[in-house]
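Structural characterization, general
Below, each chain spelled out in residue letters.
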There are 4 protein chains.
Amino acid sequence: MSGNTLGQSFTVTTFGESHGPALGAVVDGCPPGLALSAADIQPDLERRRTGTSKFTSQRQEPDAVKLLSGVFEGRTTGAPIALLVENTDQRSRDYDKIKDRFRPGHADYAYQQKYGFRDYRGGGRSSARVTVATVAAGAIARKYLRETLGLAVTGWLSRMGPIDLQAVDPSAAGSNPFFCPDPSRVKELEDYLWQLRRDGDSIGARVTAVASNVPAGLGEPMFDRIDADLAHALMGINAAKAVEIGDGVEVARQRGSDHRDELTPAGFRSNHDGGTLGGITSGQDVVVHVTFKPTSSIQVPGLTVDVTGQPVEIVTTGRHDPCVGLRAVPIVEAMMLIVLMDHHLRHRAQCADVVSPTPDITQQR
Amino acid sequence: MSGNTLGQSFTVTTFGESHGPALGAVVDGCPPGLALSAADIQPDLERRRTGTSKFTSQRQEPDAVKLLSGVFEGRTTGAPIALLVENTDQRSRDYDKIKDRFRPGHADYAYQQKYGFRDYRGGGRSSARVTVATVAAGAIARKYLRETLGLAVTGWLSRMGPIDLQAVDPSAAGSNPFFCPDPSRVKELEDYLWQLRRDGDSIGARVTAVASNVPAGLGEPMFDRIDADLAHALMGINAAKAVEIGDGVEVARQRGSDHRDELTPAGFRSNHDGGTLGGITSGQDVVVHVTFKPTSSIQVPGLTVDVTGQPVEIVTTGRHDPCVGLRAVPIVEAMMLIVLMDHHLRHRAQCADVVSPTPDITQQR
Amino acid sequence: MSGNTLGQSFTVTTFGESHGPALGAVVDGCPPGLALSAADIQPDLERRRTGTSKFTSQRQEPDAVKLLSGVFEGRTTGAPIALLVENTDQRSRDYDKIKDRFRPGHADYAYQQKYGFRDYRGGGRSSARVTVATVAAGAIARKYLRETLGLAVTGWLSRMGPIDLQAVDPSAAGSNPFFCPDPSRVKELEDYLWQLRRDGDSIGARVTAVASNVPAGLGEPMFDRIDADLAHALMGINAAKAVEIGDGVEVARQRGSDHRDELTPAGFRSNHDGGTLGGITSGQDVVVHVTFKPTSSIQVPGLTVDVTGQPVEIVTTGRHDPCVGLRAVPIVEAMMLIVLMDHHLRHRAQCADVVSPTPDITQQR
Amino acid sequence: MSGNTLGQSFTVTTFGESHGPALGAVVDGCPPGLALSAADIQPDLERRRTGTSKFTSQRQEPDAVKLLSGVFEGRTTGAPIALLVENTDQRSRDYDKIKDRFRPGHADYAYQQKYGFRDYRGGGRSSARVTVATVAAGAIARKYLRETLGLAVTGWLSRMGPIDLQAVDPSAAGSNPFFCPDPSRVKELEDYLWQLRRDGDSIGARVTAVASNVPAGLGEPMFDRIDADLAHALMGINAAKAVEIGDGVEVARQRGSDHRDELTPAGFRSNHDGGTLGGITSGQDVVVHVTFKPTSSIQVPGLTVDVTGQPVEIVTTGRHDPCVGLRAVPIVEAMMLIVLMDHHLRHRAQCADVVSPTPDITQQR
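I will try to describe carefully the structure that is included in this document. (Residues numbered from 1 in each chain as written. Chains lettered and ligands numbered in written order. Predicted model: local features only at pLDDT ≥ 70, side-chain atom pairs only at ≥ 80, totals over all residues. Heavy atoms only, no water.)

Moving on, we come to the packing of helix H1 (residues 38-48) of chain A against helix H3 (residues 131-149) of chain A. Residue and element names in this part refer to chain A. The contact between H1 and H3 brings their axes to 8 Å, and the two run at 135°. When the axis of H1 is compared with that of H3, the two are oblique. Crossing hand, H1 versus H3: right-handed. For the pair H1 and H3, contact is made by Asp-40, Ile-41, Asp-44, Leu-45, Arg-47 and Arg-48 and by Thr-131, Val-132, Val-135, Ala-136, Ala-139, Ile-140, Arg-142 and Lys-143, respectively. In terms of residue class, the contact of H1 with H3 is made up of seven nonpolar, one polar and six charged. (Axes fitted to C-alpha atoms, helices over the stretch in contact; angles between N-to-C directions. Helix = DSSP H or I, 4+ residues; strand = E, 2+ residues; numbered from the N terminus. Parallel < 35°, antiparallel > 145°, perpendicular 65-115°, else oblique. Left-handed = near helix turned anticlockwise from the far one by under 90°. Contact = heavy atoms within 4.5 Å. Nonpolar A, V, L, I, M, F, W, Y, C, P; charged D, E, K, R; others polar.)

Residues and elements named next belong to chain C. Tracing the backbone shows Asp-342 in helix H7 (residues 329-351). Buried charged residue Asp-342 carries no salt bridge. Nearest counter-charge: Arg-346, at 4.2 Å. For Asp-342, the contacting residues outside a window of four places in its chain are Gly-7, Gln-8, Ser-9 and Phe-10. (Buried < 20%, exposed > 50% of the residue type's maximum accessible area, 1.4 Å probe, protein only. Lys, Arg positive; Asp, Glu negative; His and termini not counted. Salt bridge = Lys/Arg side-chain N within 4 Å of Asp/Glu carboxyl O.)

Superposition record for chain A on chain B: RMSD 0.0 Å, screw rotation 180°, translation along axis 0.0 Å. Look at the turn and shift together and you get a two-fold axis relating the two. Within chain A, the C-alpha atom positioned nearest to the axis of rotation is that of His232(A), 2.2 Å from it. Counting the interface residues of chain A, we find that 100% of their copies in chain B are interface residues as well, pointing to one common contact surface. (Least-squares fit on C-alpha atoms with pLDDT ≥ 70 in both.)

This brings us to the environment of Ala172(C). Residue and element names in this part refer to chain C. Relative to the helices and strands, Ala-172 is located in the loop between strand S9 (163-164) and helix H4 (186-199). Assessed through its relative accessible area of 8%, Ala-172 is described here as buried. In this structure, the C-alpha to C-alpha distance between Ala-172 and Gln-60, residues 112 residues apart in sequence, is 25 Å. Every residue in contact with Ala-172, bar those within four places of it in the chain, is listed here: Cys-180 and Pro-183.

So, about the nonpolar core. Counting residues in hydrophobic clusters, the biggest one holds 342 residues, and the most contacted among them are Met160(A), Met160(B), Met160(C) and Met160(D). Apart from residues lying up to four places away in sequence, Met160(A) is in contact with Leu189(A), Tyr192(A), Leu193(A), Ile203(A), Gly204(A), Ala205(A), Cys323(A), Leu326(A) and Ala252(B). (Core = buried A, V, L, I, M, F, W, Y, C linked by side-chain atoms within 4.5 Å.)

On to the relation of the copies chain D and chain B, then. Note on the copies: chain D fits chain B at an RMSD of 0.0 Å, the axial shift is 0.0 Å, and the rotation between them is 180°. Same-surface contact between copies: 100% of interface residues of chain D are shared with the interface of chain B.

The interface of chain A with chain B comprises 121 residues on the first partner and 122 residues on the second. When the two sides are added together, the surface that chain A and chain B hide from each other amounts to roughly 9,500 Å², 58% of it contributed by carbon and sulfur. Our enumeration of links across chain A and chain B arrives at twelve salt bridges. If you look at where chain A meets chain B, you find 75 residue pairs in polar contact (both at pLDDT 80 or more). If you tally residues by element for the side of chain A that touches chain B, the top one is helix H2 (residues 108-115) of chain A, at seven residues. By residue class, the composition of the side of chain A that touches chain B is 53 nonpolar, 43 polar and 25 charged. When strand S11 (residues 240-245) of chain A meets strand S11 (residues 240-245) of chain B, the two strands line up antiparallel, connected through three bridges. Within the sheet, the bridge partner assigned to Ala242(A) lies in S11(B) and is Glu244(B). (Buried area = accessible area lost by both parts, 1.4 Å probe. Polar contact = N/O pair within 3.5 Å; in protein donor to acceptor, adjacent residues only side chain to side chain. Pairing = 2+ DSSP bridges.)

Spelled out as structure tokens, the structure:
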């Protein structure tokens, strides 16, 4: 595969650029018989959409998804499902000024060296705009997993620069533009972002997501552990620089006697491991954290080189997010859903006949 | 693929269990004409080997690798290279006591629920013993990349519990049993581990690795970014709970004006991004960090359930590492080498014809 | 992968049904810098198009292809290329009468048992209509291979029922509706088809295709031999029942002393093997034959069962080809081009450094 | 994947050369809980073994298979199963005379041009010897499919040069060295082969194999049709030049009214399609034919070139089969079993939940 396909049994192949005519995905391997229409996908696209608050890019895209195939009389047929979202608000003229120079921290220079030239309009294929296709595909996985397993994935902003946020009320993350899980701190985030905007600067962030009602047994040793495949998918999101499972980087400080999650007939006594053991789901909640770097498209002037290698100054204008992490929550959820869906199908390929003599101590289902 | 194969153009398929007759790997896609013998692989296996210090498992395995195929008259032929390492010091009787119960923090319970039963001897396929095959495969990638690109990968212990280590002298990491890059602090590590041993406990750790002389252009957008594939490989190592690229989790605290690596004709001015931009190598050093949890095989008694779901107590004896991170350095290096090798081949499949008009500012080669 | 993707380094993922809104393909891994527009693809679609003679389905589709991504300023960027062809002449009402019964010889019953229900309009995903996407993708491979290697693929009708056709003038195949390579026999084919039409019946056919200027060395032992991958692609065409390489089924009658293609400094003395040796291209022309069954959509009444398993009679009306082989030539060519393109890229992934000491005896380039 | 792996959910990766120390396979994705030992595999290896009659190569290999992993207490664990067969009767000195020249009809020249040099001992990786690994892997699929589905695959010699053989008694194929399904004609085959041997020549052959008790629904449209994947696997066998499904090349002569297999509540009325419809199994027997070319290793002198491109004469001595098709039956069966096994697992990944409202008219199970 050539890099634009995710998954093995449930595969998502995406295409499209920031300023091309359209973006989309082909979802292959979806079980037949799932009730599906654009209305099932649109809510996830809404959550990802720009232009909905002052703190995201002001690009206005309706992001209306069309289903071109794979659905008949309202149900999936088992054939590949093609999803299409048209671009309508491309302002490519904004990008003439970066046509011949490389934005620091962006993919520009790396793409130039890899391909010999690049689609400079809005970053082309490297733009966060392309995640619209992934989110659309994730919505299909979300519906299937919810309806067949009761599985749910919920994400929120857990850190933005100096501000750490506790999951006081994860369900509240959907009702504010920052995906903040603590309603009492929304004002603090807003103030911080206004100051950042005045500085013409940007900030990093961390997103946390939890999958509940995950059956035990998903994940394939040796290399395709569930945590390895989650890491692959999540590190593949634009601007991601770290992926943690469960307690993540904190485990370097932990002792075995503190870390290990003891088992009892009533379930595990803790969840430091974040729902995976040996790369296989344990039936506990699967917990991930993804850290995103600050966007490099800022008003602070910086040094760079042009396409001939000469030094030049750069100031990025255009429509950019001061904190890309703010919009990453639906993308993290989508990636997680796609990986869990793929592994649900992969698991039953090999192990459909298995009956374990051991009771499920997580008793979640 | 069913989980035991890594890579697409350069593929590594491993097999074997902790207490089976042998472990091994089939390496497919290796370019022909590479001079190769067991002597090229053995040094990496030595670095990974147990029983070489008081602070690793006392299991004594010679880990002598045999090449069963793919080499003729001392050179790789282009056919798959089969590597075999026999197990000689299996003491399976040690494991009778965990036969019917699940060790907390281990894969036992998850394997049981996935497969319906498990090879309980030393953890079977979930044992760190199986990484011997990965390390052997990585040695082939190491040789090819060094000889054709001058590429080198070096790793070290950067954290163990409360102790943070600076890379004062990375080359020193090879000459002490802790892979400590700061010779002045070896004694401190040793003291800490003695105390841990007296406590019958274990501790987490972080490993850092750097690849130098990496050509710009490796990595495939969208999903198979180089950082995504590194995350996949590294999170696939036993006990890994976090993977970071460049500044990793620290970027959540950084501003764009601090984070972005400015470009000049003489090279980048910093390397916060750890050598990747938009998922493609930039020509800078690729920097990764992997955090490992403390092993759960400790002498401190703990709670668990048995195969019928009844509560029981467990005390793990047997031969275990108090800090699995200590032995992870060669494994992290191997995984990184395999991923870089695979992407070097994948890159030239698509882009062998490309000539960029832009000079290589990293001037490393 | 879930069945709708072909290739590994150059991958083609298709979607769409006979009577859905659109069909298309995502082509991933195309080398960057190739000049490409819809005008490069349209001619191949024209050759495949229905409604252009009295002897193919009378469905009228303009088959105008749109490029949705992967091309910037007239050149491929290295990003996935999405191709879209809209359906405009769906007459789904034709299919109400087969809604509840299975056409013999068609995929209907097999799809029903696999997926539990089926898109019965025009055969849904199993329709030959979907090959429009494959042909569009093949046109990209054709352009790249022609421009970089001088490689060309040409196909023709070599058999239709009782009529065997010699390749008197393969270039003439493009100028008659039967892809007949012998202009003197076009009338005979026409007469035969008129009689068939009067009988309300259909007939089988064989297509031959030849790739010239194929470099030696393409194909991967063991399983991904070039002939194996050609067989996979060609047997994957609707209605294909046999794939032959070189002399094909005739080799069962041949002696080794007759069959073997002797080598001389001026080239091979014959080409019984059809351009492959040990699954690797030899530099000779690659020769394939594909045999297609007669379409089962005929006016002759037949027996079948309905969706409840009850016996019923069936007469297929609607717009059908009396000989599907007539339209298969562009599809065979496209499949062959995609496989050769994929293996060209795969070969250079592993063997880009190879220089053989042996001169190329085929001297074709 | 790099060419030496077959399958997606049930994958077989093979390694080894004709004259290396060992050959083997890694079988990944096998369902857990299958009772398995070397004794289950050995009978298939015996059927494939050389040196058992005067009409196959006189190389004497015990072909004793070892299971190195994936089995615990007599059952498969779900971990990869490594199979090893040691070479014991390598007579490499036989091959010194072909070291510097290319045998016509063999892979020698193609390998040389692909890899720059070659393992000339017995053909190295291109030798039919390597199929021992495939046959061993197929034996695992055979056992699983027989025990869980009652599925059986049986093959026989259906043509050898001028001699066509009817399947008078397929079960008799196992009791004569020619896999002849008509006991009355064994003498005729023997006489023909003695004459061939006196002539120092070889002959082509065709093998037929039938899978019975195949469930309806296996196979993935679009590209991974069951017939396409069978064609891939079967054309990947050494010396294969044609693959046919059902009536194969004969369908070019057939009319739709003759070809189509009508359905009745009591089953299909014929099986011209060989058990597949639209690339999906129909529940009928799956019927394949593979045509093998005559081996090119004959005593009749021939022309060729040496590694410097100079013309030379060649006479192949050594231990060779006058008709490679004679030994191909177990290999064809193994390939078919691996493909059916893979698709059984792939099918349930996507469609485990499906219940068709239509009764299974094949009523075989």
